[in-house]
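Secondary and tertiary structure notes
Okay, here's what each chain looks like letter by letter:
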Amino acid sequence: RADDGYRLWLKYDRIADAAARQQYLRNAQFITGAGTSPVLQAASGELQRGLSGLLGQAVPALATVSTRTGGIVLRVDKQASAGEQPLKAEGYRLFSEKNNLVITGRTDQAVLYGAFALLRQVQTRQPLAGLNISSNPRINFRLLNHWDNQNGTVERGYAGSSIWQWYELPERLDPRYTDYARANASVGINGVVINNVNASARYLTAEYIGKVASVAGVLRPYGQRVYMSVFWAAPKVIGGLKTADPLDPAVKQWWATKSDEIYKAIPDFGGFLVKANSEGEPGPQDYNRTHADGANMLAQSLGRHDGVVMWRAFVYKAGSGDRFAQAFEDFQPLDGKFDPKVLVQVKNGPIDFQAREPFHPLFGAMPKTPLVLEVQLTQEYLGFATHLVYLGPLIKEVLEADTYAEGPGSTVAKVVDGTVDNHALSAIAGVANIGSDRNWTGHPVGQANWYAFGRLAWDHTLSPAAIAQEWTKMTLTTEPAAVRTLTDMLVRSRNIYVRYTTPLGLHHIMGESIHFGPQPWLAKSGRPDWTAVYYHKADSIGLGFDRTATGSNALALYKPEVQKQWGNPQTCPLDYLLWFHHVGWNQRLPTGRTLWNELATRYYTGADSVLWLQKQWAQVRPQLDPALHADVAARLQTQRKEALWWRDACVLYFQTYARQPLPAPLAPPT
Ligand code: GCU
C-alpha cells in the first residue's frame, strides 16, 4: 500500500526474511509484566503492536506466564542498575535472563523507553538474543516547543495547521494525539510546551486549562508532561488587574492562584515558558523590573508544585549596538539572581536560528543558572518544508562547541546537561516542525529532524550519522546500499544548504518577514537589525561583520581560547569567517582562493550539489515506496530551482561591490 508518511519511523511492516522473523520470534513469543500501570500498558501495547507487525504474527500480552520462557518481561525495579552504573529514573536496561528478555528500570517511564529501544533493535535488524544494553538520558527535560496558536495557525510552521484541535477539546480527543505521544516517547521526549511563545492569554482561562488538561491526559501514559507558554500581561488582560508588575502583591497573588488552578486540573503540569520584553511582547522591564524579578515571581507562584519556569533569553533592542551581544548584556549580569526553579532558555546562536551560527556566548557565561538549549526543527531559515536539510549535524555542532568555561572540554552539551556547573536541573528544547499534514512535517525528511532531536536530547554523544542511519532503516528501507546512499545524503545536506545560501559565515540575508529566499539588498525595514545590510556589511573593500576589537567587539564575550581561534581572520574557521571579520574581496583564504572567488565558488558548487542530491535520490528509487519517492523527488526539483535563485541573487548582488568577474572555472549565470 502507498506510504503516506503518517506512521513516521514507527512503521512495523513485516520483515521480509522469514528466517530472520523466526530468529526474533524465539525471544518474543509473549509480553508480560505490564500489570495495571497505564505507562506499562502503553509500553506493552506498543511492543505488541510493533512485534506483531514486524514478525507477522500476533504476539500476545499475558497477565501471568508461570514458568513459560522465550518472551519479554517488563519489570520495574527500584534497585535496577546497569552493571556498576546506577540507572537514573528514566534510564533502562535490556538483558537476557532465564531465556527471557527483561526490560527494566527504576520507573514505569524507564521501562517505556526500554520497550521502544527493543523495538528499535528489531527495526534496525539488530539481534535480540543475548542482548545486554542500557542507557541513561543525559538531560532531564527533553521538550518540544510548539509555536502553535489558539486559532490553529502555527508560527513558522510549514506542515499545515496546528495538530491541536482546540475547538473540539476537551470532548473529542483526536486519535492523532496518541500517535504524536507514541512518536515522542519513542525518542525519549518527555515534555511538550503546547502553545506559541508569542502567547495568547486565553490559554490561562478556565476554559483552556480544561482543554490542555485533556491533552495532558493523552500524553501522560507516554511519559510526557505538558507545559504552557504564558503571556506576561495576562493578569491585566484576563485577570482585570491594572498592572502586571511582578513585584505587585496582587499580581503575585493572581499567578499563585492561577498556578493552583492549573495544578488542580493537571497534577503533573510541567511549568511555564516565557518570552518577555522581546519582539514587542510585554514583560517585567515595562515596570523597570529585571528578567530575574519576573522569572522569580513566576517560580514562586508555583509554590509547592513540582514545576519549573523556562525564561527565554531571546531579546534584542533596536538601535542599541550589535544585536549579537544584547542577550548577553541583559542576562549575564543576572547570573546568580534566579530562583532555583528557573532555567534560562537560550537559542543555539546569538542571532536567530541561522543555517550556521557560532554558539551563543551565554553558554559557559552563566555558571550559576541552568541553561536550556533551544534549537529549531521547523526550518524557518533552512528552506521551510521544501529543502532537504537534515539537522542532526547542526544540533551536534552546537552541542560539541567548546565554551572553555571550565577549561577545554566544557562543551555546550556539558553546560546544558549540568555537568560543567553541577546543576540538578537540565533541559533542551526543540521548536517543533509538526503540523496537521498527513505526514506530520511536510517534507518527509523533516521527520528525521524530529527523530534526531529526540535522540540527541536523550544522549548528546550519539553521532548524527548513526542517528540518520537508524531513522533511514526504520522509515525508508533496510537495503544496505540504499541505507548508505541515504545516510550520506542526509549527513551532507545541511552543509550543501549553507553553501548556496550563506557560505563563509554570511547570515540574515533572507527575505524580509517571511524569512524565505534571498534578499541581501534589504536596507530598510521596521528596524535596522531586521535588514540584511546590517549583517553582511558589503562595501567596495570587502564583506562581513567585524566583531573583533576594531568592530563591535562582540567576540570579547567569549572565553580567551575561543577569541584566539576566531579572532584572527587567518585562523578563523571559514565557516565562521564573515561572522567575525570584514574581509577584503582580494584577501587570499587558506583554500588558495581570494574571498570573492571562494564566495562565488561556494555558491556555485553548493547549488550544483543539489544535482548530486537528486542523483542519489534517483538511485534509491527501487528500494523506496513510490509515492514517497516521487514526493521527495519533486521537492528536490524545487530545491534546485531555489538554490539557483539564491546563488544568482547573492552572487550578482555581492558582485556589485566586489566588481570582479566570476572566477574562470564557473559558468556564467544562466
Ligand atoms: C524568530 C521568529 C519569530 C519568533 C521568534 C522567537 O524571530 O521569526 O517568529 O517568534 O524567533 O523565537 O521568539
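Remember, predicted model here, so these are calculated numbers, not experimental data. (Residues numbered from 1 in each chain as written. Predicted model: local features only at pLDDT ≥ 70, side-chain atom pairs only at ≥ 80, totals over all residues.)

Details of the overall build of the chain
Along its length, the chain carries 19 helices and 18 strands. Residue burial in the chain is summarised as follows: out of 670 residues, 53% are buried. Across the chain, every contact between residues at least 6 apart in sequence was considered, and the portion connecting residues at least 24 apart equals 71%. (Helix = DSSP H or I, 4+ residues; strand = E, 2+ residues; numbered from the N terminus. Buried ≥ 20, exposed ≤ 12 C-beta atoms within 10 Å, placed from the backbone. Contact = placed C-beta atoms within 7 Å.)

Details of the site of the ligand
Taken together, Glu155, Arg156, Val197, Asn198, Lys275, Glu279, Phe314, Asp352 and Glu380 make up the full set of residues near the ligand. Along the lines of polarity and charge, the residues of the shell around the ligand split into 2 nonpolar, 1 polar and 6 charged. (Near = placed C-beta within 6 Å. Nonpolar A, V, L, I, M, F, W, Y, C, P; charged D, E, K, R; others polar.)

Observations concerning the sheet that holds strand S3 (residues 72-76)
Spatially, 6 strands are ordered S2-S1-S3-S7-S6-S8 in an open sheet, and the strand pairing comes out mixed. At either margin of the open sheet sits one strand with a lone partner, and together these are strand S2 (61-62) and strand S8 (132-135). Note that S3 and strand S7 (residues 100-105) share 5 bridges and pair parallel. The residue bridging Val73 from the neighbouring strand is Val102, located in S7. Relative to S3, helix H2 (residues 38-55) is tilted by about 165°, and along the sheet it contacts strand S1 (31-32), S2 and S3. (Pairing = 2+ DSSP bridges. Axes fitted to C-alpha atoms, helices over the stretch in contact; angles between N-to-C directions.)

Considerations on the confidence of the model for the chain
On average, residues of the chain score 97 in pLDDT, and 99% of them are at 70 or above. Complex prediction metrics read pTM 0.98 and ipTM 0.99. (pLDDT = per-residue confidence, 0-100.)

Re the domain arrangement of the chain
Once the domains are mapped, the chain shows domain 1 (18-134), domain 2 (141-474) and domain 3 (498-658). The straight-line distance from the C-alpha centre of domain 2 to that of domain 3 is 28 Å. Looking at the side of domain 2 that touches domain 3 residue by residue, the classes come out as 16 nonpolar, 9 polar and 5 charged. (Domains from an automatic or database assignment.)

Brief notes about the environment of Pro569
Within the element layout of this structure, Pro569 appears in the loop between helix H16 (560-567) and helix H17 (577-580). Distance from Pro569 to Ala313, taken between C-alpha atoms, is 29 Å for residues 256 residues apart in sequence. With sequence-adjacent residues up to four places away left out, Pro569 is seen in contact with Leu577, His581 and Val583.

Thoughts on the sheet that holds strand S15 (residues 371-376)
What the 8 strands build is a closed barrel, ordered S9-S10-S11-S12-S13-S14-S15-S16; its pairing is parallel. Each strand of the sheet is rotated relative to its neighbour by a mean of 25°, with strand direction disregarded. Bridge count for strand S9 (residues 141-145) against strand S10 (residues 191-193) is 3 bridges, and the pairing is parallel. Looking across to S10, one finds that Leu144 is bridged to Val192. Helix-sheet contacts for helix H5 (residues 206-219) involve S10 and strand S11 (225-230), and the interaxial angle to S11 is about 145°.

Points about the UniProt feature "domain: Glycosyl hydrolase family 67 catalytic" (unreviewed entry) in the chain
Following the UniProt record, the feature "domain: Glycosyl hydrolase family 67 catalytic" (unreviewed entry) maps to residues 122-440 here. Across residues 122-440, helical content stands at 26% and strand content at 14%; the span's end C-alpha atoms are separated by 24 Å. (UniProt positions renumbered as here; feature names shortened; annotations may be inferred.)

Overview of the environment of Leu377
Structurally, Leu377 is set in the loop between S15 and helix H10 (392-400). Along the backbone, Leu377 and Gly446 are 69 residues apart, and their C-alpha atoms lie at a distance of 7.9 Å.

Things to note about unusual backbone geometry
Cis geometry marks the peptide bond from Leu169 to Pro170, where omega comes out at 5°. Its location among the elements puts Pro170 in the loop between S9 and helix H4 (175-186). One non-glycine residue, Arg125, adopts positive backbone phi at about 65°. Position of Arg125 among the secondary structure elements: in the loop between helix H3 (108-123) and S8. Its 14 C-beta neighbours within 10 Å are what place Arg125 among the partly exposed residues.

Details of helix H13 (residues 464-475)
Note: α-helices contain 3.6 residues per turn, so residues at a spacing of three or four share the same orientation. Spanning 12 residues, H13 covers 16 Å between terminal C-alpha atoms, matching the ideal 16 Å at 1.5 Å per step. Buried residues of H13: Pro464, Ile467, Ala468, Glu470, Trp471, Thr472, Lys473, Met474 and Thr475, and no others. As for H13, its buried residues are in contact with H3, H10, helix H12 (446-458) and helix H14 (480-501). (Expected span 1.5 Å × (residues − 1).)

Brief notes about the UniProt feature "domain: Glycosyl hydrolase family 67 C-terminal" (unreviewed entry) in the chain
Per the UniProt entry, the sites bearing "domain: Glycosyl hydrolase family 67 C-terminal" (unreviewed entry) are residues 441-663 in this numbering. Taken end to end, residues 441-663 comprises 54% helix and 2% strand; its first and last C-alpha atoms sit 39 Å apart.

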